[in-house]
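# Results of the structural survey
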Amino acid sequence: MSSIIQLLPDHVANQIAAGEVVQRPASVVKELLENAVDAKATDIKLIVKDAGRSLIQVIDNGLGMNVIDARMCFERHATSKIRHAEDLFSLYTKGFRGEALASIAAIAHVELKTKQEQDELGTHIIIEGSKFISQDPSVLPKGTSFAVKNLFFNIPARRNFLKSETVEHRHIVDEFQRVALAHPNIHFTFIHNGGELFNLPSSNLRQRIVGMFSGKTNEKLVPISEETEIVKVQGFVSKPEFSKKNRSEQFFFVNNRYIKSGYLHHAVMAAYEGLLKDGMQPGYFIYLDVPPNTIDINIHPTKTEIKFDDEHSLYAILRSTVKHSLGQFNVAPVLDFERDPNLDTPYHYQEKDASVPLIQVDSNFNPFAQDKPTKTYSGSSFRDRKTETANWESLYVGLKNDTQEIEHITFEQDAVTSSLFNDNEIEESKNRTYQIHKKYIVSSIKSGMMVIDQQRAHQRILYEQYLKNITVQQASSQHLLFPLELYFSVNEIELINELKMSLEHTGFVFDSIENDKLTISGIPVSVSESEVAIVLEELMNDLHSGIPESSFSLNDSIAKSMARSLAVRTGTYLTEKEQENIVNGLFACKEPDVSPFNKPTFITISVDDLDKKFAI
């Protein structure tokens, strides 16, 4: 019998590895940016076209490579980061496996230009699907330029699995933010489709955070700092009043490497206990420095999961550090019952200088004077008062004093025949609705009774209303007396720009959309001014997970998100009129049976079902 186990060819092995390393264009961006950081670059430029489908290029001014290294870097398990297995526990670099460039070259057209400072000429290499096309010497500046074109050109199935351009672009921005926040000392530039999205000069950590998100972020941040034998903690957390419903501003870094950790996130949430509303998430940018031998990074291909030696101590230190900072900066309430609040300096007086008290002297005062002034009343004043009284009484002189006897007054009267039940009341009671547990609306029907879920029913009503406004006719909007200014990150502003047309059809009126500021002069009739920020945040949060490519589906997603945000909540008391409006509005819909999220809006219970319940 012939042997059946064979070694896989290199190009097949590279494509298998690419399935783990390169999941989407954002994976390529992460690997190339981390390589540029490891090359000790001080200026890194990221250029992206069509959300990475056409081009991903990273240009840096790092160390560069010589001719041999430029060719070797595309071989599997070829790396400059480690030499022995023990080096895995003393890592100070981002990459160490040596699989990324080989995997990228297996599924794309790759062009590498690199040159070391001491060399006169650099190296220019072109590879297509693991095949070397050319290698030539070239005149180049110091550093490396890595261009990845036509990603997944030889694996069409993987290319078809990519989401829309908006979603893939957001994933690229996320990876860019993680690397840029980890290294504020490096100048980063991000260009997408010819337009500059980010230009982040070398700065300190606070300036990098503000430059990455918006100028309004500065007032949200509370610094944290703690140094122990186990870990050194530093960074910033946000004030509770600036919390959001999504986790877009939550970052953990361990030894300048972005990680995800539900355990450490729980420690931060425990520090905010009692300060946040239900469902709200605080923002935080926390940097942990630990000895490399106390962590294991080699767990997952993306290297975002880390194992710690002493997780329990880390949890306690992080929780106490965040809680201490929130209390130190008067964010958390002080529980000191012996403190007299009247002795506290008012907040607006803390920056004022003390003023010299003024001395006023009464020069006419004589404590030894014998004569004391006495109050005297002149006779004229009494006469004046008497005259005033007479004048007051004269107002009523000459008024008629006509009276009529009550017996002579006649009134029209109708004969009233009272009955126990009024016909109108009987008619109204047939359509009367009742609310149960502030959650369900019960209404009687011919065959029995109907129980309606008020939240799902209202979602269906609003969904069809917004979808009609977006696709068929423009909704009416209420203009604000004073324009509303909202601050968002650059990434969120770009998404709002894409949704602007659809949002205007729902009733929003935008005065201006700047880099980090949104000015709104009109809002939909069904939205209050205080709900605008919440509606937009929830909309962007819902669209972050995935936007279908067709414009109708995009409008559908907007209508669903706004309906979910503005629908009446479970636990809200409704008047009889409001209950009626929901019942009538629901059955005026095209599909009243289900909510926009395919959940039933009502159930019916027949009289026969009720009879069976009472049957003995």
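About the criteria used
Residues numbered from 1 in each chain as written. Predicted model: local features only at pLDDT ≥ 70, side-chain atom pairs only at ≥ 80, totals over all residues. Heavy atoms only, no water. Pairing = 2+ DSSP bridges. Helix = DSSP H or I, 4+ residues; strand = E, 2+ residues; numbered from the N terminus. Axes fitted to C-alpha atoms, helices over the stretch in contact; angles between N-to-C directions. pLDDT = per-residue confidence, 0-100. Contact = heavy atoms within 4.5 Å. Parallel < 35°, antiparallel > 145°, perpendicular 65-115°, else oblique. Left-handed = near helix turned anticlockwise from the far one by under 90°. Nonpolar A, V, L, I, M, F, W, Y, C, P; charged D, E, K, R; others polar. Salt bridge = Lys/Arg side-chain N within 4 Å of Asp/Glu carboxyl O. Buried < 20%, exposed > 50% of the residue type's maximum accessible area, 1.4 Å probe, protein only. Lys, Arg positive; Asp, Glu negative; His and termini not counted. Polar contact = N/O pair within 3.5 Å; in protein donor to acceptor, adjacent residues only side chain to side chain. Patch = residues over 30% accessible without salt bridge, like charges linked within 9 Å, V, L, I, M, F, W, Y side chains within 5 Å. Areas by Shrake-Rupley, 256 points an atom, 1.4 Å probe, with all protein chains shown as cover. 1 Å grid on protein atoms, 1.4 Å probe; cavity = no way out; pocket = protein on both sides within 12 Å on 5 of 7 lines; lining within 4 Å. Points joined across faces, edges and corners; volume = space filled by probe spheres on them. Phe/Tyr/Trp six-rings, centres within 6.5 Å; stacked < 30°, edge-to-face > 60°. Lys NZ or Arg CZ within 6 Å of the ring centre and 35° of its normal.

## Brief notes about the sheet that holds strand β20 (residues 509–513)
In a beta sheet, neighbouring strands pair by backbone hydrogen bonds and run either parallel or antiparallel. Ordered in space as β19-β21-β20, the 3 strands form an open sheet in which the pairing is antiparallel. Both outer strands of the open sheet, β19 (477–487) and β20, are each paired with one neighbouring strand and no more. Within this sheet the neighbouring strands show an average axis-to-axis angle of 15°, counted without direction. Sheet analysis places β19 next to strand β21 (residues 517–524), joined by 7 bridges and oriented antiparallel. Residue pairing across strands places Gln478 opposite Ile523, the latter belonging to β21.

## Some points on the sheet that holds strand β2 (residues 55–60)
Pairing within the open sheet is mixed, and its 8 strands lie in the order β5-β4-β3-β6-β2-β1-β7-β8. With one partner strand each, in any of the chains shown, β5 (131–138) and β8 (195–200) form the two edges of the open sheet. Looking at each pair of strands side by side, their axes are set apart by 10° on average, direction ignored. Examined bridge by bridge, strand β3 (residues 109–115) and strand β4 (residues 122–128) share 6 bridges and lie antiparallel to one another.

## Let's talk about the confidence of the model for the protein
Confidence in the prediction of the protein, expressed as mean pLDDT, is 79, and 77% of residues score 70 or more. Counted against residues more than four places away or in other chains, residues 424–429, with its pLDDT under 50, gives 1 contact.

## Concerning the packing of helix α2 (residues 25–38) against helix α6 (residues 165–182)
In the contact formed by α2 and α6, the axes pass within 8 Å of each other and the chain directions differ by 20°. Here α6 runs roughly parallel to α2, going by the angle between their axes. Here the hand of the crossing between α2 and α6 comes out right-handed. Between α2, through Pro25, Ala26, Val29, Lys30, Leu33, Glu34 and Val37, and α6, the contact on the second element is made entirely by Glu168, His171, Ile172, Glu175, Phe176 and Val179. Classifying every residue of the contact of α2 with α6 gives 8 nonpolar, 1 polar and 4 charged.

## Points about the pattern of salt bridges
One pass over the full model with this rule turns up 13 salt bridges. Here Asp453 ties to Arg456 by a salt bridge, and the two come within 3.9 Å at their closest N and O atoms. A relative accessible area of 27% means that Arg456 is categorised as partly exposed. Residue Lys517 is joined to Glu485 by a salt bridge in which the shortest nitrogen-to-oxygen separation is 3.7 Å. Linking Lys517 in strand β21 with Glu485 in strand β19, this pair joins segments that are 32 residues apart in sequence.

## Details of the side chain of Asp60
Tracing the backbone through its elements, the reader meets Asp60 in strand β2. Look at Asp60: it is buried, it has no salt bridge, and the nearest opposite charge is Lys142 at 8.1 Å. Looking at Asp60, its side chain comes within polar contact range of the main-chain nitrogen of Gly62, at 2.8 Å. Apart from the residues lying within four places of it in its own chain, the contact partners of Asp60 are Ala36, Ala41, Asp43, Ile44, Lys142, Gly143 and Thr144.

## Section: the environment of Gly507
Among the secondary structure elements, Gly507 is positioned in the loop between α13 (490–506) and β20. Expressed as a C-alpha distance, the spacing of Gly507 and Ile523, which sit 16 residues apart in the sequence, is 5.5 Å.

## So, a nonpolar patch on the surface
Where nonpolar side chains cluster on the molecular surface, the patch consists of Val67, Ile68 and Met72 and spans about 300 Å² of accessible area. In this fold, Val67 is placed in helix α3 (residues 67–72).

## Quick notes on the side chain of Lys220
Relative to the helices and strands, Lys220 is located in the loop between α7 (205–212) and β9 (221–227). Although Lys220 is buried, it forms no salt bridge, and the closest oppositely charged side chain is Glu249 at an N-O distance of 4.4 Å. Aside from chain neighbours lying at most four places away, what touches Lys220 is Val237, Ser238, Lys239, Phe242 and Glu249.

## Section: empty space enclosed by the protein
Following the criterion strictly, the structure yields 2 cavities of 30 Å³ or more and no others. Taken as a whole, the largest cavity holds about 60 Å³ of empty space. As for the largest cavity, its lining consists of Lys220, Ser238, Phe242, Lys244, Asn246, Arg247, Ser248, Glu249, Gln250, Gln281, Pro282 and Gly283. Its boundaries defined by the atoms lining it, the second largest cavity holds a volume of some 30 Å³. Around the second largest cavity, the lining residues are Thr166, His169, Arg170, Asn491, Glu494, Leu495 and Glu498. With 4 residues, α13 is the single largest residue contributor to the lining of the second largest cavity. Per-class residue counts for the lining of the second largest cavity are 1 nonpolar, 3 polar and 3 charged.

## Concerning the packing of aromatic side chains
Scanning the entire structure with this criterion turns up 17 aromatic pairs. Summarising the aromatic geometry, the rings of Phe74 and Phe132 are spaced 6.4 Å apart at their centres and angled 85° between planes, so their arrangement reads as edge-to-face. Of the two residues, Phe74 sits in the loop between α3 and α4 (100–106) while Phe132 sits in strand β5, which places them 58 residues apart along the sequence. Owing to a relative accessible area of 7%, Phe74 belongs among the buried residues under this scheme. Of the aromatic side chains, those joined through ring pairs into one cluster are Phe213, Phe251, Phe253, Tyr258, Phe285 and Tyr287. The ring of Phe132 is capped by Arg71, whose NZ or CZ atom sits 3.5 Å from the centre of that ring.

## Section: unusual backbone geometry
Positive phi outside glycine occurs at Asp50, with the angle close to 55°. Mapped onto the fold, Asp50 is located in the loop between β1 (43–49) and β2. Judged by its relative accessible area of 32%, Asp50 falls in the partly exposed class. A positive phi is found at Lys438, a non-glycine position, where the angle reads about 55°. Secondary-structure assignment places Lys438 in the loop between β16 (433–436) and β17 (440–445). Of the residues examined, Lys438 reaches a relative accessible area of 43% and is grouped as partly exposed.

## Examining the pairing of β8
Sheet topology note: the strand β7 (residues 187–192)/β8 ladder contains 5 bridges and is antiparallel. Following the sheet pairing, Thr189 is matched in β8 by Asn199. As consecutive antiparallel partners, β7 and β8 are separated by 2 residues, and within that stretch Asn193 has a phi angle of approximately 50°, a positive value.

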